[in-house]
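What the coordinates show
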Amino acid sequence: MSIRMKMILALLFSSLMAINLVAFISHNLVARRLSDELASELSVEVESILTALRESLLLGSLIAALLSVALGLLLGARVSAKLRRLTQAIQNMQKGDFGKPLQLVSRDEVGALVSAFNEMSLEIAQKRDEIQRSHRKLEELAIRDGLTQLHNRRHFDEQLSALGKCPEHAASVSIMIGDIDHFKQVNDRFSHAVGDAVLREVGRILASNTRGSDLVARYGGEEFVIAFRDTDIAQARLICEKLRQRIAEFDWESIQPGLRITMSMGVARQLDEATLEHVVRQADVQLYRAKSQGRNQVCVALQAPPATQ
Ligand SMILES: Nc1nc2c(ncn2[C@@H]2O[C@H](COP(=O)(O)OP(=O)(O)OP(=O)(O)O)[C@@H](O)[C@H]2O)c(=O)[nH]1
């Protein structure tokens, strides 16, 4: 039943009570006047009928009053209980608790309000999920290099500075910077598209031959960088030798007949109180040493045992 119908019902009872009350008062006045003026002529029988009429009107008024109050209280309590639950659900939604339908069956306007609220809450939850998904996607795009899908330099630098804030972790990090040899010639001799395919493949080789805990990133054009966690310089040299070989031995002809790719690498690790940014610069110095010594080789900044091949 709609709230309007319930209100009409309550008003009907109230009017019934009012009519009864008016009838009771009128009857009382008339009866008093009659008994005053015709006291001697009124028979006992008529007087008792008048008294019974007066009592029944009084009783009717009382019953109608009680019913009106009871009905008003009942309807009010039921509607306000439903509205309280709806208000609570709206407050929960304000705190971010979306998408949970309010289980409240009501055939009146409150029911219509609840189903509109449930639809709205579900829609907001879906929109929020969509926004969160695109937000995550944007965050991922912001830290990735579009060509190789490796992390980009900005993300690498941020991660490195975070690592540097924890001295015992920073002390066990080794860093490698690698640069593809004569890459300009690849672009010039074959095409930019072949150059891009080479960059993608080199990125894949580096990522698939390192641990998930290592930070692998494209540092610039044809430059790549890796921060090896929990790795001393000797281990880093061994890993880089393996990476260098994997690149040199890859079947580049499958990309372009006549294509050959090698990479020079410089490796360094933290010494004394040096920052990790300083270690990157040290690795870069070693990279240029590798280039100047003939390319396709790994040079390290510290005395370290030669790689066993
Ligand atoms: N295809 C392609 N080429 C790029 C990209 N970024 C940088 N390059 C090219 O990489 C080349 C780098 O050339 P150089 O810095 O001269 O180095 P190099 O030819 O590799 O010579 P060395 O490092 O001395 O062995 C330039 O020709 C850049 O245009 C890229 O995203 N795609």
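This text follows the structure it describes.
An account of the accompanying structure is given in this report.

Rules used in this analysis
- Residues numbered from 1 in each chain as written.
- Predicted model: local features only at pLDDT ≥ 70, side-chain atom pairs only at ≥ 80, totals over all residues.
- Heavy atoms only, no water.
- Core = buried A, V, L, I, M, F, W, Y, C linked by side-chain atoms within 4.5 Å.
- Buried < 20%, exposed > 50% of the residue type's maximum accessible area, 1.4 Å probe, protein only.
- Helix = DSSP H or I, 4+ residues; strand = E, 2+ residues; numbered from the N terminus.
- Contact = heavy atoms within 4.5 Å.
- Near = heavy atom within 4 Å.
- Polar contact = N/O pair within 3.5 Å; in protein donor to acceptor, adjacent residues only side chain to side chain.
- Areas by Shrake-Rupley, 256 points an atom, 1.4 Å probe, with all protein chains shown as cover.
- Nonpolar A, V, L, I, M, F, W, Y, C, P; charged D, E, K, R; others polar.
- Phe/Tyr/Trp six-rings, centres within 6.5 Å; stacked < 30°, edge-to-face > 60°.

1. Here we look at the nonpolar core
If you look at the biggest cluster of nonpolar residues, it comprises 28 residues, and the most contacted ones within it are Ile 180, Val 198, Val 202, Ile 247 and Ile 261. Only strand 1 (174-180), helix 6 (183-189), helix 7 (192-208), strand 3 (223-228), helix 8 (233-249), strand 4 (263-269) and strand 5 (298-300) provide two or more residues apiece to this core. Among the elements that line this core, the one with the most residues is helix 7, at six residues. Once residues lying within four places of it in the same chain are set aside, the contact partners of Val 202 are Ile 180, Phe 224, Ile 247, Trp 252, Ile 261 and Met 263.

2. Describing the site of the ligand
Neighbouring the ligand are 16 residues; His 182, Phe 183, Lys 184, Asp 196 and Arg 218 lie closest to it. Between the ligand and Glu 222 there is a distance of 3.1 Å, counted from an oxygen atom to a side-chain nitrogen or oxygen. In this structure, an oxygen atom belonging to the ligand sits 2.9 Å away from a side-chain N or O atom of Arg 295. Coverage of the ligand by the protein amounts to 67% of the 670 Å² it exposes when considered alone. At the level of elements, strand 1, helix 6 and helix 7 are the ones that each hand at least two residues to the shell around the ligand. No other element matches helix 7, which puts four residues into the shell around the ligand. Here the residues of the shell around the ligand sort into three nonpolar, five polar and eight charged.

3. Describing the packing of aromatic side chains
Two measures describe an aromatic ring pair: the distance that separates the ring centres and the angle between the ring planes. For the structure shown, the criterion picks out two aromatic pairs. An angle of 80 degrees between the planes, with centres 5.9 Å apart, marks the rings of Phe 156 and Tyr 219 as edge-to-face. Taken together, the positions of Phe 156 in helix 4 (residues 153-164) and Tyr 219 in the loop between strand 2 (215-218) and strand 3 put the pair 63 residues apart, joining distant regions of the chain. Given a relative accessible area of 1%, Phe 156 falls into the buried group. Overall, Tyr 219 belongs to the buried group, its relative accessible area being 11%. Consider the rings of Phe 250 and Trp 252, whose centres lie 4.6 Å apart with planes at 65 degrees: the pair is edge-to-face. Assessed through its relative accessible area of 24%, Phe 250 is described here as partly exposed.

4. Remarks on the environment of Glu 158
Take Glu 158: it is sitting in helix 4. The sequence separation of Glu 158 and Ile 143 amounts to 15 residues, and the corresponding C-alpha distance is 10.0 Å.

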